[in-house]
Amino acid sequence: EPEILRDIADELADHGFIVDQAASAELALPRIDSGTPDLIICDMQMPGMNGLQLLEKLRARSDAMATVPFVFLTAFGDR
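Here goes a summary of the coordinates provided. (Residues numbered from 1 in each chain as written. Predicted model: local features only at pLDDT ≥ 70, side-chain atom pairs only at ≥ 80, totals over all residues. Heavy atoms only, no water.)

This part is about the side chain of Ser24. Counting through the fold element by element, Ser24 comes out in the loop between helix 1 (2-14) and helix 2 (25-34). A residue is classified by how much of its surface remains accessible, and Ser24, at 11% relative accessible area, is buried. Contact partners of Ser24, with chain neighbours within four places excluded, come to Met46 and Pro47. (Helix = DSSP H or I, 4+ residues; strand = E, 2+ residues; numbered from the N terminus. Buried < 20%, exposed > 50% of the residue type's maximum accessible area, 1.4 Å probe, protein only. Contact = heavy atoms within 4.5 Å.)

The following block contains the structure:
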């Protein structure tokens, strides 16, 4: 949800973190390629590619992005 994305990004920025955000995995990939983040926080359910597919795509790489820490957030209580 756009509001949740904004709230999390604002909260992290308020605590001194440099935050980049994307509304989908497809939009995130070029941003990830332009700089290696220290951490990726990702929703499980997104339009287009879901969070698990994004993680699998990153883990299949042979560069530094293959090991970047990845945290899932989800509203699903059973995942």
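So, next bit.
Attention now moves to a nonpolar patch on the surface. There is a patch of nonpolar side chains on the surface, built from Leu39, Ile41, Val71 and Leu73 and spanning about 300 Å² of accessible area. One can find Leu73 in strand 2 (residues 70-73). (Patch = residues over 30% accessible without salt bridge, like charges linked within 9 Å, V, L, I, M, F, W, Y side chains within 5 Å. Areas by Shrake-Rupley, 256 points an atom, 1.4 Å probe, with all protein chains shown as cover. Salt bridge = Lys/Arg side-chain N within 4 Å of Asp/Glu carboxyl O.)

This part takes up the layout of surface pockets. In this structure, the largest pocket spans a volume of roughly 1200 Å³. Leu5, Asp20, Gln21, Ile40 and Ile41 are the residues nearest the centre of the largest pocket, which is lined by 36 residues in total. Sorting the residues of the lining of the largest pocket by element identifies helix 1, helix 2 and strand 1 (40-43) as the ones contributing at least two each. Counting residues per element, the lining of the largest pocket draws most heavily on helix 1, at 6 residues. Among the residues making up the lining of the largest pocket, the classes are represented as 25 nonpolar, 6 polar and 5 charged. (1 Å grid on protein atoms, 1.4 Å probe; cavity = no way out; pocket = protein on both sides within 12 Å on 5 of 7 lines; lining within 4 Å. Points joined across faces, edges and corners; volume = space filled by probe spheres on them. Nonpolar A, V, L, I, M, F, W, Y, C, P; charged D, E, K, R; others polar.)

Between helix 2 and helix 3 (residues 51-59), the shortest axis-to-axis distance is 10 Å and the interhelical angle comes to 30 degrees. Taken together, the axes of helix 2 and helix 3 are roughly parallel relative to one another. Helix 2 and helix 3 meet at a crossing whose hand is right-handed. Where helix 2 approaches helix 3, its residues Ala25, Leu29 and Ile32 are matched on the opposing element by Leu54, Lys57 and Leu58. Classifying every residue of the contact of helix 2 with helix 3 by side-chain character gives 5 nonpolar, no polar and 1 charged. (Axes fitted to C-alpha atoms, helices over the stretch in contact; angles between N-to-C directions. Parallel < 35°, antiparallel > 145°, perpendicular 65-115°, else oblique. Left-handed = near helix turned anticlockwise from the far one by under 90°.)

Further remarks concern the pairing of strand 2. As paired elements, strand 1 and strand 2 share 4 bridges and run parallel to each other. From the neighbouring strand, Asp43 faces strand 2, where its bridge partner is Leu73. Of the crossover connections in this fold, the one passing from strand 1 over helix 3 to the parallel strand 2 is right-handed. (Pairing = 2+ DSSP bridges. Right-handed = clockwise from strand over helix to strand, strands pointing away.)

Structural measurements only, silent on function.
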